[in-house]
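# Examination of the molecular architecture
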Amino acid sequence: MTNGRATQKDVAKAAGVSQATVSMVLSGGGASIPAETWARITKAAKDLGYVPNRFAQALKTSRSMTIACIVPDITNPFYPSLIRGIQSIADGQNYDVITVNTDGTPERERHFLDWARQGRVDGVIGVFFTLKAKDFNPLVEAGVPIVRIESSKKRGGDIPVDDIYVDSRAAAQAVTEYLLGLGHTRIALVAGRGGPQAHRIEGYRTALAKFSHPDHVVIDDEFSEMGGIRAAERILGGDFRPTAIFAANDLMAIGVMQSLRERRIRIPEDIAVVGFDDISAAKLVTPTLTTVAQFQWQMGERAAQTLMERLRGEKTGAGTAVEMPFDLIVRGSTSNE
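Just so it is clear, the structure is predicted and the values come from calculations on it, not from any experiment. (Residues numbered from 1 in each chain as written. Predicted model: local features only at pLDDT ≥ 70, side-chain atom pairs only at ≥ 80, totals over all residues. Heavy atoms only, no water.)

## Concerning the sheet that holds strand E7 (residues 215-219)
- Pairing is parallel in the open sheet, where four strands are placed in the order E7-E6-E8-E9. Both outer strands of the open sheet, E7 and strand E9 (272-274), are each paired with one neighbouring strand and no more. On average, each strand axis in the sheet is tilted by 20° relative to the strand beside it, whichever way the strands run.
- Sheet topology places strand E6 (residues 187-191) next to E7; five bridges connect them, and they run parallel. In the strand pairing of E7, Val190 is matched with Val218.
- Contacting E6, E7 and strand E8 (244-247), helix H9 (residues 197-209) crosses the sheet at an angle of about 165° to E7. (Pairing = 2+ DSSP bridges. Helix = DSSP H or I, 4+ residues; strand = E, 2+ residues; numbered from the N terminus. Axes fitted to C-alpha atoms, helices over the stretch in contact; angles between N-to-C directions. Contact = heavy atoms within 4.5 Å.)

Structure representation (C-alpha cells):
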C-alpha cells in the first residue's frame, strides 16, 4: 500500500499476475486475457479497494479518460435521456462524462470548445445552436474528436467531425400532413429562437404549400413552457384563428396547452396541439400530448459509440453522418379516440 492506498502492484500480487496484465484489465483493454484471470484481477481490485489514479494515468497516457457533453439547456427534459445514452457507452469504456450548459449562445459554445481544446477532455459530443463546421477546426487540429447531435440532414464532410442527426424538416412535414389529414387547414406553429427552429418551420411550410393553405409562425425567445404560453397568447390575441397549433418542442406545447385551458378552449375539440421530442411529461399532461419521438437514449448511444471509434483509432478520415429515426406518437391532444 502507498499512503494507505492500494496500487496496481498490490492488485497484481494479490491476483498472482504481472502488473502489466493488471494495467491492461483495469484500463478496459486486454481482450485476449482469459476470463478467469480477468475475474481474479477485478475481484482483487475490489477486495483491496483499488481506485485508479486518474491524474497519474493522464500523465502516463496523455489522456484524461473524460469526455464532454455540451448541451444548450440542461434543464430541458430532452437532454437527460440523451446524456444517459452517452454515459451508458462511456461507462463501458472507463470514460467519465462532464456535461456543460451553453444556453445556446455563440459565446458559451465557443468558450467550451476552447476549454475542450486545452486538454481537459479527450473528446466532445455536443448540440450546437450557432456554430458552423469551420468553427470546429481548432478542436480538430488539437486532435480532439467531436460528434455533433444535429436536427437537419447531413452528408458528412472533409473535416473529421461526425454527425448524428434526426431530419427535423421531414418530421415537421409529417406532423403537418397528419394534421391536414385530420381536416385542419388553419395550423399555427410556435418555436423558440435558433437550434432546430428553421428546419421545423421549413417542413411545416412545405406541407401547407402543397395545398395552398396559409401559414402562421410565432417565434419566442425560448424553447420553454413560458415561451409556449407567450406564443399562444400572441396567436389567440391576433386575427389568425387556428384549429391546430404545432409547437416546435414539447415544453412549448405544454405551455400552449396551459394557455388554452386558462381560456377554457377545449383540446382537441376546439384546438388540437402537437409537440416535438416526446419527453416524459408528454404522457402526463391532460390530455396526453401528440408528439414526435426522437429516441434520445439511442441517439446518445450512437454518438458515444462513434466518438469511441475515433478515440480508439478505428475511425479515421472525413466526417460521417448517421440518420436516426423519428416517430409520430398520436395521443389525446389531437384525437378523442
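## Details of the packing of aromatic side chains
- Enumeration over the complete set of coordinates arrives at three aromatic pairs.
- Taken together, a centroid distance of 5.9 Å and an interplanar angle of 90° make the contact between Phe112 and Trp115 edge-to-face. Of this pair, Phe112 and Trp115 both sit in helix H6 (residues 106-120), three residues apart, roughly one helical turn.
- Look at Phe112 and you get buried, because its relative accessible area is 10%.
- One Lys or Arg, Arg186, reaches over the ring of Phe240 and ends 4.3 Å from the middle of that ring. (Phe/Tyr/Trp six-rings, centres within 6.5 Å; stacked < 30°, edge-to-face > 60°. Buried < 20%, exposed > 50% of the residue type's maximum accessible area, 1.4 Å probe, protein only. Lys NZ or Arg CZ within 6 Å of the ring centre and 35° of its normal.)

## Side note on the sheet that holds strand E3 (residues 123-126)
- Strand order in the open sheet formed by six strands is E2-E1-E3-E4-E5-E11, and the pairing between neighbours is parallel. At either end of the open sheet lies a strand with only one pairing partner, and these are strand E2 (96-101) and strand E11 (321-323). With direction set aside, neighbouring strand axes in the sheet form an average angle of 15°.
- As defined by bridge partners, strand E5 (residues 161-165) adjoins E11 across three bridges and the pair is classed as parallel. Within the sheet, the bridge partner assigned to Tyr165 lies in E11 and is Glu323.

## What to know about the side chain of Thr334
- Looking at where Thr334 falls in the secondary structure, it is placed in the segment after strand E12 (327-329).
- The contacts of Thr334, once residues within four sequence positions are left out, are Tyr178, Leu179, Leu182, Pro268, Ala272, Val273, Val274 and Thr290.

## Describing helix H2 (residues 19-26)
- What H2 keeps buried is the set Thr21, Val22, Val25 and Leu26. Angular distribution of buried residues about the axis of H2 spans 125°; they occupy a single face of the element. (Arc of directions from axis to C-beta.)

## Points about the nonpolar core
- Counting 73 residues, the largest nonpolar core has Ile67, Ile125 and Val190 as its most contacted members.
- Taken domain by domain, this core gets at least three of its residues from each of domain 2 (63-166 + 296-323) and domain 3 (168-293).
- Counting residues in each nonpolar core, the second largest holds 16 residues, with Ala68, Trp115, Val124 and Leu131 among its members. (Core = buried A, V, L, I, M, F, W, Y, C linked by side-chain atoms within 4.5 Å. Domains from an automatic or database assignment.)

## Here we look at the environment of Ala304
- Mapping Ala304 onto the fold places it in helix H12 (residues 296-311).
- A relative accessible area of 0% means that Ala304 is categorised as buried.
- Note: C-alpha distance between Ala304 and Val124 (180 residues apart in sequence) is 9.2 Å.
- Sequence-distant contacts of Ala304, that is, excluding residues within four places in its chain, are made with Ile86, Ile89 and Ile125.

## Section: unusual backbone geometry
- Here the residue pair Ile267 and Pro268 is connected by a cis peptide bond, since its omega of 5° sits within 30 degrees of zero.
- Looking at the secondary structure, you find Pro268 in the loop between helix H11 (250-262) and E9.
- Cis geometry is found at the peptide bond from Thr286 to Pro287, where omega equals -10°.
- Relative to the helices and strands, Pro287 is located in the loop between E9 and strand E10 (291-293).
- For Asp277, which is not glycine, the phi dihedral falls at a positive 130°.
- Mapping Asp277 onto the fold places it in the loop between E9 and E10.
- Using a relative accessible area of 5% as the deciding quantity, one classes Asp277 as buried.

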